[in-house]
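Notes for the structure review
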Amino acid sequence: MKKALISIALLCSGVLLSQGAQANAFVNGEDAVSYRQAAFQTIRFNLVDINDMFRGNVPYDLERVQRRAEALATLTQLPWEAFNIPGADHASGKVKAALWQNLEDFNQRGEKFAADAAALHEAAQGGDRRAIQGAFREFANNCKACHDNYRAD
Ligand code: HEC
């Protein structure tokens, strides 16, 4: 057991060393882009899976909805920090210039999105299918509204 812990510790330090000290999503604009894009991709997977259940593409499974909603409640809090580090506006990323001119509005939309995900999570915990579907629809409306304004094609 002790041996296993030591080798895990060595493995972790090896990973950190091999990536070098400069790889940090919160000081490096390009790493910040990778971080937030990865968060959005994971958000998309969780959203699509819930949507597939409501559409009957896969069987409805409350426990599975709850797991996805729990993940979304956390994941939707992640991308915004990576838009707000110094230099983020000079990094790549598929964003419209309007985003940097309206960062406050953008951040507020991010907060509403996360709040709607928290409401979805709560509805999922309650277990009522219609309530979950309503919260899900509300949550999903955020994507297009924000993309239309701020995401580049
Ligand atoms: C508050 C604004 C906002 C909301 C809400 C939002 N997005 Fe996005 N999304 C963006 C922006 C901006 C980008 C571009 C990020 C970049 O390239 O740096 C993006 C990019 C993406 C990407 C592409 C990531 C990549 O690999 O390039 C996916 C997928 C995505 N969003 C899915 C979603 C889904 C699904 C939802 C709703 C459940 C959602 N987003 C809600 C702003 C938002």
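This text goes with the structure placed above it.
Presented here is an overview of the structure given in this document. (Residues numbered from 1 in each chain as written. Predicted model: local features only at pLDDT ≥ 70, side-chain atom pairs only at ≥ 80, totals over all residues.)

Turning next to the packing of helix α5 (residues 103-126) against helix α6 (residues 129-150). Closest axis-to-axis distance for the α5/α6 pair is 8 Å, and the angle between their directions is 165°. One finds that α5 runs roughly antiparallel with respect to α6. Where α5 crosses over α6, the two elements pack in a sense that is left-handed. Across from F106, R109, K112, F113, D116, A117, A119, L120, A123, A124 and G126 in α5, the residues of α6 making contact are A131, I132, A135, F136, E138, F139, N142, C146 and Y150. Residue composition of the contact of α5 with α6, grouped by class: 14 nonpolar, two polar and four charged. (Axes fitted to C-alpha atoms, helices over the stretch in contact; angles between N-to-C directions. Helix = DSSP H or I, 4+ residues; strand = E, 2+ residues; numbered from the N terminus. Parallel < 35°, antiparallel > 145°, perpendicular 65-115°, else oblique. Left-handed = near helix turned anticlockwise from the far one by under 90°. Contact = placed C-beta atoms within 7 Å. Nonpolar A, V, L, I, M, F, W, Y, C, P; charged D, E, K, R; others polar.)

Turning next to the site of the ligand. Within the structure, the ligand sits among 23 residues, and Q37, F40, G93, C143 and C146 are positioned closest to it. Of the residues in the shell around the ligand, the class split is twelve nonpolar, six polar and five charged. (Near = placed C-beta within 6 Å.)

This part is about the nonpolar core. Counting 18 residues, the largest nonpolar core has A117 and L120 as the members making the most contacts within it. Those elements that place two or more of their residues in this core are α2 (29-55), α3 (62-75), α5 and α6. With six residues, the top contributor of residues to this core is α5. Counting residues in hydrophobic clusters, the runner-up holds six residues, among them A32, A82, A88 and Y150. (Core = buried A, V, L, I, M, F, W, Y, C linked by C-beta atoms within 7 Å. Buried ≥ 20, exposed ≤ 12 C-beta atoms within 10 Å, placed from the backbone.)

In this section: α2. Between its terminal C-alpha atoms α2 stretches 38 Å, which fits the 39 Å expected from 27 residues at 1.5 Å a residue. Here α2 has its buried residues at A32, R36, L47, I50 and M53. For α2, the secondary structure elements touched by its buried residues are α3 and α6. At the exit of α2 stands G56, carrying a positive phi of roughly 80°. (Expected span 1.5 Å × (residues − 1).)

Let us now look at α5. End to end, α5 covers 35 Å across 24 residues, agreeing with the expected 34 Å (1.5 Å per residue, within 8%). Within the sequence span of α5, burial applies to F106, G110, F113, A114, D116, A117, L120, H121, A123 and A124. For α5, the secondary structure elements touched by its buried residues are α3, α4 (97-101) and α6. Phi turns positive one or two residues past the end of α5, at G127, with a value near 90°.

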